[in-house]
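# Coordinates in review
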Amino acid sequence: MIKQRLLPALVATLAGGLVHAATPAAMPEFVGTDAPMASNAIYFVMTDRFVDGDPSNDHRHQGGAHPTFDIPVSGAPKGESANIGYLGGDFKGVLENAGYIRKMGFGAVWITPIVDNPDQAFTGGDPVHWGSKFTDKGKTGFHGYWGVNFYKVDEHLPSKGLDFAQFTAKMHAQGLKVVQDIVLNHGSPAFTMPVRQPQFGQIFDKSGKLIADEQNLPPYRLDPVRNPLHRFYHAYDDLVQLSNNDDQNPAVLDYFVGAYEQWIDQGADAFRIDTISHMSTTFWRQFSACIRARHPGFFMFGEAFDYSPDNIGKFTWARNGGISVLDFPLRGRIAEVFEHPGSDYATLLDRLYLTNGPYANPYELVTFYDNHDMARLKASDNGFIDANNWLFTARGIPAIYYGSEIGFERGKAEHEGNRNYFGQQRIDQAPKSRIYQQLRRIARLRQVTPALQRGLMLPIRFVGNQASFYRVYQKGDTHQIALVLLNKGDRTARFTIDENLQPGHWRPALGGEAIAVASGGSLQATVAPHDVQVYLLNGQATRPDLVAQLTRLMQERGHPLD
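The sections below set out a description of the structure shown in this document. (Residues numbered from 1 in each chain as written. Predicted model: local features only at pLDDT ≥ 70, side-chain atom pairs only at ≥ 80, totals over all residues. Heavy atoms only, no water.)

### Some thoughts on the packing of helix α9 (residues 381-391) against helix α11 (residues 434-447)
Defined as follows: In this analysis an axis means a line fitted to C-alpha atoms, helices contributing only their contacting stretch, and an angle means the value between N-to-C directions, from 0 to 180 degrees. Numbering of helices and strands runs from the N terminus; a helix is a DSSP stretch of H or I covering at least four residues, while a strand is a stretch of E covering at least two. Just so you know how the angles are binned, under 35 degrees is roughly parallel, over 145 roughly antiparallel, 65 to 115 roughly perpendicular, and the rest oblique. The contact definition used throughout considers only heavy atoms, calling two residues in contact when any of these lie within 4.5 Å. In this classification, Asp, Glu, Lys and Arg are treated as charged, Ala, Val, Leu, Ile, Met, Phe, Trp, Tyr, Cys and Pro as nonpolar, and every other residue, Gly included, as polar.
Two numbers describe how α9 lies on α11: the axes approach to 9 Å, and their chain directions differ by 10°. Taken together, the axes of α9 and α11 are roughly parallel relative to one another. Here Asp381, Asn382, Phe384, Ile385, Asn388 and Asn389 of α9 lie close against α11, whose contacting residues are Arg434, Ile435, Gln438, Leu439 and Ile442. In the contact of α9 with α11, the residues fall into 5 nonpolar, 4 polar and 2 charged.

And the structure:
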């Protein structure tokens, strides 16, 4: 009787066990980031210096006694030049080369600020000369960072039938997102002018009304208590003679939220934030909340020109606004490695911060090796090729400064040619460059490879001229493991990979024969000098030690306290 009573319960227990056994275990997700922008490598253009697509908007006679067009920097060595005036680049010049940018393997174009800048050259500050730094006398707002009306497009950029909204729509039609460079902490140079100039140190609202004016006064003489036009600014200086917007004034926040929401409505897909570290994390939390209330998940990354991860990581934390940053700490190591033959790939490892690091998510950092504010990478053609092979396979969202695809003005700082005019002729000739050819090869591979765009990164071996690592993306119906092999040496490199190696049929993404790897086996491959090979395995990660490593990377991906 007892046995008869227990039988139904036993059957039920066994049945439950059988059902449980028949149900496959949930597949773990291995994801570096799913931020949509991560799929798009970024091409950064200084709009005025890219291509003059429409000479009718050059305003060559603007400025009166302080002209703004074509102002060579004095003291240039023979055969070299730099310029601090407008040179004609515009929306049309970028749009007409959208195909060039897209075919190179980029999915987004970062353009310099589009807002209205002063109509004269600045007469204050220290004079610009060859190689000078933090000097603005005689310079114009060709770069876009001297905003005076943040609701108005600068007249040098649009053409008939091509305002900003039309520009972004046509870029989207070409398969390119538009990253808009924005400035909030400062406007134009505001004091030290011998005679006060119009627009400098002033800010206008959407209707053109003057709402802030430093009146050519040094900041310590501002009187925000009694003078309403001074309330937009801090009563102390920050960067050279630039106005210093008061991040504690709610009117400042309201002004910029309104301005930049306007540009999102007209098609901006993401923001690069200039000088983010010059305003408080409280301000950025408020700004981010306002923008993302209307545009959830809107991607933003800031520029904190600082090589300390402790100083820049805080901007990425959710409690501080969740804004990504340009990866300056890694950039410093990239220059060390790729500017110097014989350097060690291991130099890069401690700036990846793949677990318990300073960032909310290291995979959302924008990685780069040079830009408009620093000397361009001073490397050989092979150095550029090696740097690009790294940038487009390692974690992060790669950004390439215009011209770097051919080594344009390599090693040159701001007033030494860094921001020189590129032009249509160089673009048309670019495909002949080895740097361009190899960049296009690796960038186009990233463009179609989810693991390289969004996968976790698991280092294998970084020694001397060789580096090897996995990138793994596993979510939904996409299961992909990429094995990256890099050789920056002058001789063919041989790789033997067995660590955490998943058995399967590994396909070489850049040509060659597939390799079948048995359980417990190894993958042996050779990589030509200054080259890369990527082997792909489309399938779920199942090898226990690999799964364990990936699980740890997933669990410890961000900042421990964020």
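### Examining α11
The α-helix winds at 3.6 residues per turn, so residues separated by three or four positions along the chain end up facing the same way. For clarity, the cut-off: An expected span of 1.5 Å times one less than the residue number is assigned to each helix. Buried residues are those whose accessible area, probed at 1.4 Å on protein chains only, stays under 20% of the maximum for their type, while exposed residues exceed 50% and partly exposed ones sit between those limits. Two N or O atoms form a polar contact when they lie within 3.5 Å of each other; inside protein one atom must be a possible hydrogen donor and the other a possible acceptor, and for residues adjacent in sequence the pair counts only when both atoms belong to side chains.
In this model, α11 (14 residues) spans 20 Å end to end at C-alpha, consistent with the 20 Å of a helix rising 1.5 Å per residue. Looking only at α11, the buried set comprises Ile435, Tyr436, Leu439, Ile442, Ala443, Leu445 and Arg446. Buried residues along α11 sit in contact with α3 (98-103), α9, β12 (397-401), α12 (450-454) and β20 (531-538). Two or three places before isoleucine 435, at the opening of α11, serine 433 has a side-chain oxygen 3.1 Å from that residue's backbone nitrogen.

### Observations concerning the nonpolar core
A general tendency of soluble globular proteins is for nonpolar side chains to be buried together. To be explicit about the condition: Throughout this description, the term nonpolar core refers to a set of buried Ala, Val, Leu, Ile, Met, Phe, Trp, Tyr and Cys residues connected via side-chain atoms within 4.5 Å.
Counting 157 residues, the largest nonpolar core has Phe287 and Trp390 as its most contacted members. Filtering out sequence-adjacent residues up to four positions away, tryptophan 390 remains in contact with Leu330, Ile334, Phe338, Tyr345, Leu348, Leu352, Met457, Phe462, Phe469 and Leu486. Val73, Ala82, Ile84 and Ala121 belong to the second-largest nonpolar core, a separate cluster that totals 7 residues.

### Focus: the side chain of asparagine 487
Among the secondary structure elements, asparagine 487 is positioned in strand β15 (residues 478-487). For asparagine 487, a relative accessible area of 2% corresponds to the buried category. There is a polar contact of 3.1 Å between the side chain of asparagine 487 and the backbone oxygen of valine 527. Discounting chain neighbours no more than four positions away, the residues touching asparagine 487 are Asp386, Asn465, Thr492, Ala493, Val527, Ala528, Pro529, His530 and Asp531.

### What to know about the pairing of strand β2 (residues 108-111)
Which entries qualify depends on this criterion: For two strands to count as paired, DSSP must find a minimum of two bridges between them.
Covered by surrounding structure in β2 are Ala108 and Trp110 together with Val109 and Ile111, the residues of both alternating faces. With 4 bridges connecting them, strand β1 (residues 42-45) and β2 associate as parallel partners. Bridge pairing in β2 links phenylalanine 44 to tryptophan 110. As paired strands, β2 and strand β5 (residues 177-182) are joined by 4 bridges and run parallel to one another. For tryptophan 110, the partnering residue across the bridge sits in β5 and is valine 179.

### A short note on the packing of helix α8 (residues 328-338) against α9
Spelled out, the test is: In a left-handed crossing the near helix is turned counterclockwise from the far helix by less than a right angle, and in a right-handed crossing that turn is clockwise.
Where α8 contacts α9, the axes come no closer than 10 Å and their chain directions differ by 140°. Classed by the angle they form, the pair α8 and α9 counts as oblique. Crossing of α8 over α9 shows right-handed handedness. From α8, Leu330, Ile334 and Phe338 reach across to α9, where they touch Gly383, Asp386, Ala387, Trp390 and Leu391. Per-class residue counts for the contact of α8 with α9 are 6 nonpolar, 1 polar and 1 charged.

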